[in-house]
Amino acid sequence: MSSDESGVKAILHAPESSAGVLAAMKAVMLRDLKSSFRQPQDLLNPLLFFVLVIMLFPLGVSPEVAFLQKAGGGILWVAALLSVLLSLDHLFRHDFDDGTLEQMVLQPQPLFLLVLAKSMAHWVLTGLPLVLLTPLLAVMVHLEGNSIGVLCLTLLIGTPVLSLIGAIGAALTLGLRSAGVLLSLMIIPLYIPVLIFGTGTVMAAAEGAPVTGQLALMGAFLVLAMTLAPFASAAALRISLSNG
Amino acid sequence: MWQFFHKLGSPKWFYDIASRLMPWLLWSGVALFMAGVIWGLAFAPPDYLQGNSYRIIFIHVPSAFLAQSVYIMMAVAATVTLVWRMKLADVFVKSAAPVGAVLTFLALFTGAVWGKPTWGTWWIWDARLTSMLILLFLYFGAIALGSAISDEKSSARAVAVLVLVGVVNIPIIKYSVEWWNTLHQPATFKLTEKPSMPADMWVPLLLAVLGLYLLFGWLACLRMQTEILVREGRTRWVRELVKPGGNP
């Protein structure tokens, strides 16, 4: 830890301005992680929701192994998408309420990089636990070993995209009363490509087809979202803050 | 050119220009659209495979055309809103979005009606149908966000950001939906291979498309005028305009 701190100090006092940016991003990320770990229930809720949604499918549609095997990848992906969607409201809400966000806008560091840091923290808090929980649930819907691996991989690449795109919607709906439904209405259409490629890759893996091409395309989505989405989120944040 | 662009910043100037333009747009639009539709429905030859049922194309294709280009127009206006903060651009976005949504719905509806005799089903999860459905929800999202934010300036810029994000996503959505369809869709349903259309079919179709563009222009002007009157209600020229004794 001490070596870490001295590293941060070294970065802070470095003459280049870009190094200061990295330190700021790190600080924003650590702060988000720390404050979330002090409210563990907020961390747990999306995961519980994830499990519950998956549970509904065998109960509501069919518990047959053949059906679950075929639809399992899609079910897990839809459930993951919905739980990320549900957790988006927390992304900026607390910082907006207590004024931290306004301070963040006033920082000399570019806002979109701080937004990128916040989105990544959001992914560590929601997307990553979902990925870690996935093998267990995948076994429960009777996916096979190879498919489980590919499913985890697609979720690992895909959930950061969900967090990054979702940040745009969360920023646009900050401070609005009926934010929840509005957020879903705006963001779900934008999630569709990720969902299609995520489930398509799992299906291809189940049929024994090669999946490197699809995974590469999902990686391209991730790169695109990382480079473009923070700009839109930052612009949206400035708009919402000027409103409030 | 630039003078024209600057003048666009003045709602009053636009209101006057629109008033002069609208009769032309309306009557040329009605003439072209009716010519196209009547020619298409009554005089064009029936299709050798689909018989007369294909004639819905004269409504379906124009509305699908417009549905897509209205979103593009909105994206251009959204850029203008964000870059130059021009009020009129936002007036256009707000006025055009519901029209675009209705046209998208019309395209989907006529597509479903056409699909019943042609494919034997109202709806299939075909790539083009699905991407039009997604477009409909993009319109709904923009409309909902616009009406949720009460502050006029914030609402304008927020919707502009959303529309631009949507327009970046449209090619990605279109491409991925096509990819998804080719992977899952069994080849049971295929769009009937169209014969290369004879002129008797594509000329009325072109007329109908052009006519609907002009009619959209008229409707956009009308809705924008209304929106301008609402927003500029406190200015003197609007008060004089709507005064009982003033100019109509």
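Cut-offs and rules
- Throughout this description, residue numbers start from 1 for each chain and increase along the sequence as written.
- Chains carry letters and ligands carry numbers; both start at the beginning, A for chains and 1 for ligands, and go up in the order they are written.
- Owing to the predicted nature of the model, reporting of local features is limited to residues with pLDDT of at least 70; listing and counting of side-chain atom pairs is limited to 80 or more, with chain, interface and lining totals taken over all residues.
- To obtain the side-chain values, all non-hydrogen atoms of the structure were used and water was disregarded.
- Working definition: helices are DSSP H or I runs of at least four residues, strands are E runs of at least two. Numbering for both runs from the N terminus.
- Only the C-alpha atoms count toward the radius of gyration. The rule for a globule is 2.2 Å times the residue count to the power 0.38.
- Note on exposure labels: buried denotes an accessible area under 20% of the residue type's maximum, exposed denotes more than 50%, and partly exposed covers the range between, all computed with a 1.4 Å probe on protein chains only.
- Contact definition: two residues touch when any of their heavy atoms are within 4.5 Å.
- His is not counted, nor are the chain ends, whereas Lys and Arg count as positive and Asp and Glu as negative.
- Throughout, a charge is located at the NZ atom of Lys, the CZ atom of Arg, the CG atom of Asp or the CD atom of Glu.
- We define buried area as the total accessible area lost by two parts upon association, computed with a 1.4 Å probe and summed across both.
- Each salt bridge in this description consists of a side-chain nitrogen of Lys or Arg and a carboxyl oxygen of Asp or Glu lying within 4 Å of one another.
- In the analysis that follows, any N or O atom pair within 3.5 Å is treated as a polar contact, provided that within protein one partner can donate a hydrogen and the other can accept it, and provided that, for residues neighboring in sequence, both atoms belong to side chains.
- Under this scheme, a helix contributes an axis fitted over its contacting stretch, all axes are lines through C-alpha atoms, and angles between N-to-C directions fall in the 0 to 180 degree range.
- Throughout this description, any angle smaller than 35 degrees is read as roughly parallel, any larger than 145 degrees as roughly antiparallel, any in the 65 to 115 degree range as roughly perpendicular, and the remainder as oblique.
- Crossing handedness follows the turn of the near helix against the far one: under a right angle anticlockwise gives a left-handed crossing, and clockwise gives a right-handed one.
- Note on terminology: a nonpolar core comprises buried Ala, Val, Leu, Ile, Met, Phe, Trp, Tyr and Cys residues joined through side-chain atoms within 4.5 Å.
- Multiplying one less than the number of residues by 1.5 Å gives the expected span of a helix.
- Fitting axes to the seven residues that end at a residue and to the seven that start at it, the angle between those axes gives the bend at that residue.

1. Some points on the overall build of chain A
Consideration 1: Secondary structure assignment for chain A yields 10 helices and zero strands.
Consideration 2: Reading the helices (α) and strands (β) of chain A from amino to carboxyl end gives α-α-α-α-α-α-α-α-α-α.
Consideration 3: Computed over the C-alpha atoms, the radius of gyration of chain A is 19 Å, within 12% of the 18 Å expected from 2.2 N^0.38 for a compact globule of 244 residues.
Consideration 4: For chain A, the spread of C-alpha atoms along the principal axes amounts to about 60 × 40 × 30 Å.
Consideration 5: Counting across all 244 residues of chain A, residues that qualify as buried make up 52%.
Consideration 6: Long-range contacts, defined here as pairs at least 24 residues apart, represent 79% of the contacts in chain A between residues at least 6 apart.
Consideration 7: One finds the centroid of the 10 positive side-chain charges in chain A at a distance of 6 Å from the centroid of its 13 negative side-chain charges.

2. Thoughts on the interface of chain B and chain A
Consideration 1: Taken together, the 28 residues of chain B in the interface contact 25 residues of chain A.
Consideration 2: For the pairing of chain B and chain A, the buried interface totals around 2,300 Å² over both sides, and the portion due to carbon and sulfur atoms is 84%.
Consideration 3: Interface area lost by chain B to chain A is led by Val161, Ile172 and Trp179 of chain B, which between them contribute 20%.
Consideration 4: Linking chain B with chain A are zero salt bridges.
Consideration 5: In this structure, the connection of chain B to chain A is made through zero residue pairs in polar contact (both at pLDDT 80 or more).
Consideration 6: Of all the secondary structure elements, the ones that give two or more residues to the side of chain B that touches chain A are α5 (127-148) and α6 (152-184) of chain B.

3. Structural notes on the packing of helix α3 (residues 57-84) of chain B against helix α4 (residues 87-119) of chain B
Residues and elements named next belong to chain B.
Consideration 1: Taken N-terminus to C-terminus, the directions of α3 and α4 make an angle of 155°; their axes are 8 Å apart at the nearest point. It follows that α3 is roughly antiparallel to α4 by the angle criterion. Relative to α4, α3 is oriented so that their crossing is left-handed.

4. Quick notes on the packing of α3 of chain B against α5 of chain B
Residue and element names in this part refer to chain B.
Consideration 1: Between α3 and α5, the shortest axis-to-axis distance is 11 Å and the interhelical angle comes to 40°. With respect to each other, α3 and α5 are oriented oblique. Classified by chirality, the crossing of α5 by α3 is left-handed. Residues Ala64, Ala67, Gln68, Val70, Tyr71 and Met74 of α3 form the contact with α5, whose own contacting residues are Met132, Leu135, Leu138 and Tyr139.

5. Focus: the nonpolar core
Consideration 1: Ranked by internal contacts, the top residues of the largest apolar core, which has 143 residues, are Phe92, Leu172 and Tyr191 of chain A together with Met74 and Leu145 of chain B.
Consideration 2: In terms of residues, this core owes the most to one element, helix α8 (residues 145-172) of chain A, which gives 15 residues.
Consideration 3: Apart from the residues within four sequence positions on either side, Phe92 of chain A is in contact with Leu101, Val115, Lys118, Ala167, Ala170, Ala171, Leu174 and Leu237 of chain A.
Consideration 4: Within the second largest apolar cluster, 10 residues are counted, among which are Ile57, Phe58, Val61 and Val209 of chain B.

6. Here we look at α8 of chain A
Consideration 1: Spanning 28 residues, α8 of chain A covers 40 Å between terminal C-alpha atoms, matching the ideal 40 Å at 1.5 Å per step.
Consideration 2: Within α8 of chain A, 23 of the 28 residues are buried, leaving the element largely enclosed by the surrounding structure.

7. As for helix α2 (residues 11-43) of chain B
All names here are of chain B.
Consideration 1: Between its first and last C-alpha, α2 extends 44 Å over 33 residues, near the 48 Å set by a 1.5 Å rise per residue.
Consideration 2: Bending of α2 peaks at approximately 35° at the position of Leu21, with proline Pro23 no more than four residues after it.
Consideration 3: Inspection of α2 places Pro11, Phe14, Tyr15, Ala18, Met22, Leu25, Leu26, Gly29, Phe33, Gly36, Val37 and Gly40 among the buried residues, and these make up the whole buried set.
Consideration 4: Packed against the buried residues of α2 are α3, α4, α7 (199-231) and α8 (236-242).

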